[in-house]
Amino acid sequence: MLFNLCNCVAPSSLSDVGSLCSGGAGFVTAMMATLAANARTEPAKTLRGGVPQVDKLAVRMVTDNIVMQFVPTEKRDGLTIERRTGSNTSPDRAPRAALNGEWGLAMHAESVRGGETRHVLIDFGYTPEVLLNNMAILKVDPSAFDALVLSHGHYDHFGGMVGFLNATKSVLKRKIPFYVGGEDTFCIRKNPGGNFGALDRKAILDAELTLMMASEPAIVADHAFTTGRIGQTSFEKPLQPSMEIVGIVDGFGCFPEQMPPEKNTGAYIPDDFEHEIGTVYLVKGRGLVVLTSCSHRGVINTVRQAMQASGVDKVHAVLGGFHVVPPLGDDYINQTIAEFKAIGPDYLVTAHCTGDRFYDLARQALGDKVIHSAVGTRFVFEGA
Ligand SMILES: [Fe+2]
């Protein structure tokens, strides 16, 4: 047990969590544990004094839902879509290794500014097996990573993290930052199917990463920024497929004293995703490229948050999971498309949790500026 917050008996399984001890006087153990974690946790460098700009950005889909073959590479204005035509397998290990799709998301962002290159891994997919398999085939080198970002506390985005850290911590650069949107990211979550999130803080600290709390917009690896808390500025409301609970059990969870009192109820409450963050690049002469991950706070809200945080109105591309899925129907989808028309991005790259119906209707409305993602595809944005 890493952090034992309270003097009560912890459930033996996270899936059994019904209520947690949620603070109060006399929990010296908890305070010591908090201090230990805090010693290796830093507030992120906030976005003051301007947004970094890059000359080029390449986003590789390392984990995504689907694998495709026989889709040709395409060159557009400012964007090359590098498809893995006929090269989804690993011929030296045939038929034992091929790119895998799964319900999850992980993206490798490689950016260039002048002579400087930065590598950031955003999210970790659902399983380490798929993440590590795909990284090997795609030749993504973990020793090159300058920062890691976790968008939010759902397993389809961090389930691969512990296995990834175990496999790579000996080659990762020491003390690279690991960004999360705040303490809420660590809260235990469940959905109707059971446990759907319990982020392993000990694994992050054991890998000698520097845990960065980024509830405000923050610079990432000198080249990018996170959105900070995503405001509710459009018609969208947070989609709430999961519940969260404040407290610590078996070393997992969020510290009650670092959470707002209204969430510290000792029982599961609807997840408001206040901890969710997007990752954003400003590509020279093109505009913002917004990497949305899962858009539980709303994809339009995420884009508008990126615009507001940066002071940049031109959006070049939105890439990631848009989460416009049932029970959201055509009216909601059409409203989302209308908002996108008003914002005017050059490209919408739909991945992971976007929803097939959204893709179909957006293609009808916006044509080929709507592009489907697939495992292994590399989206290369060139500055102008
Ligand atoms: Fe997701």
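Residues numbered from 1 in each chain as written. Predicted model: local features only at pLDDT ≥ 70, side-chain atom pairs only at ≥ 80, totals over all residues. Heavy atoms only, no water.

Undergrad: When you look at the pairing of strand β10 (residues 194-197) in this model, what are you seeing that I'm missing?
TA: A regular strand places its side chains so that they alternate between the two faces of the sheet. Looking at chain direction, strand β9 (residues 188-191) and β10 are connected through three bridges and run antiparallel. Paired with Arg189 across the bridge in β10 is Gly197. (Pairing = 2+ DSSP bridges. Helix = DSSP H or I, 4+ residues; strand = E, 2+ residues; numbered from the N terminus.)

Undergrad: Whenever I open this one, the layout of surface pockets confuses me. Can you help?
TA: Estimated volume of the largest pocket: approximately 270 Å³. Around the largest pocket sit 14 residues that line it, and Ile66, Thr350, Ala351, His352 and Asp356 are the ones nearest its centre. Classifying every residue of the lining of the largest pocket by side-chain character gives five nonpolar, seven polar and two charged. (1 Å grid on protein atoms, 1.4 Å probe; cavity = no way out; pocket = protein on both sides within 12 Å on 5 of 7 lines; lining within 4 Å. Points joined across faces, edges and corners; volume = space filled by probe spheres on them. Nonpolar A, V, L, I, M, F, W, Y, C, P; charged D, E, K, R; others polar.)

Undergrad: Help me understand the state of the cysteines, please; the structure alone is not making it clear to me.
TA: Note: disulfide means a covalent bond formed between the sulfur atoms of two cysteine side chains. For the structure shown, the criterion picks out one disulfide. Residue pairing for Cys187: its cysteine sulfur links by disulfide to Cys254, the two sulfurs lying 2.1 Å apart. The sign of the S-S torsion, about 100°, decides the handedness of the disulfide formed by Cys187 and Cys254: right-handed. Here Cys187 is found in the loop between β8 (177-180) and β9, whereas its partner Cys254 is found in strand β16 (residues 252-254), with 67 residues between them in sequence. Relative accessible area serves as the criterion here: at 0%, Cys254 is assigned to the buried category. (Disulfide = S-S within 2.5 Å. Buried < 20%, exposed > 50% of the residue type's maximum accessible area, 1.4 Å probe, protein only.)

Undergrad: Explain the packing of helix α6 (residues 299-310) against helix α7 (residues 330-343) to me, please; I cannot follow it from the model alone.
TA: Geometry of a packed helix pair, given as the angle between the helix axes and the separation of the axes. Between α6 and α7, whose axes approach to 10 Å, the crossing angle comes to 20°. It follows that α6 is roughly parallel to α7 by the angle criterion. Crossing angle aside, the handedness with which α6 passes α7 is left-handed. Of the residues in α7, those in contact with Val299, Ile300, Val303, Arg304 and Met307 of α6 are Thr336, Glu339, Phe340 and Ile343. Of the residues that constitute the contact of α6 with α7, the class distribution is six nonpolar, one polar and two charged. (Axes fitted to C-alpha atoms, helices over the stretch in contact; angles between N-to-C directions. Parallel < 35°, antiparallel > 145°, perpendicular 65-115°, else oblique. Left-handed = near helix turned anticlockwise from the far one by under 90°. Contact = heavy atoms within 4.5 Å.)

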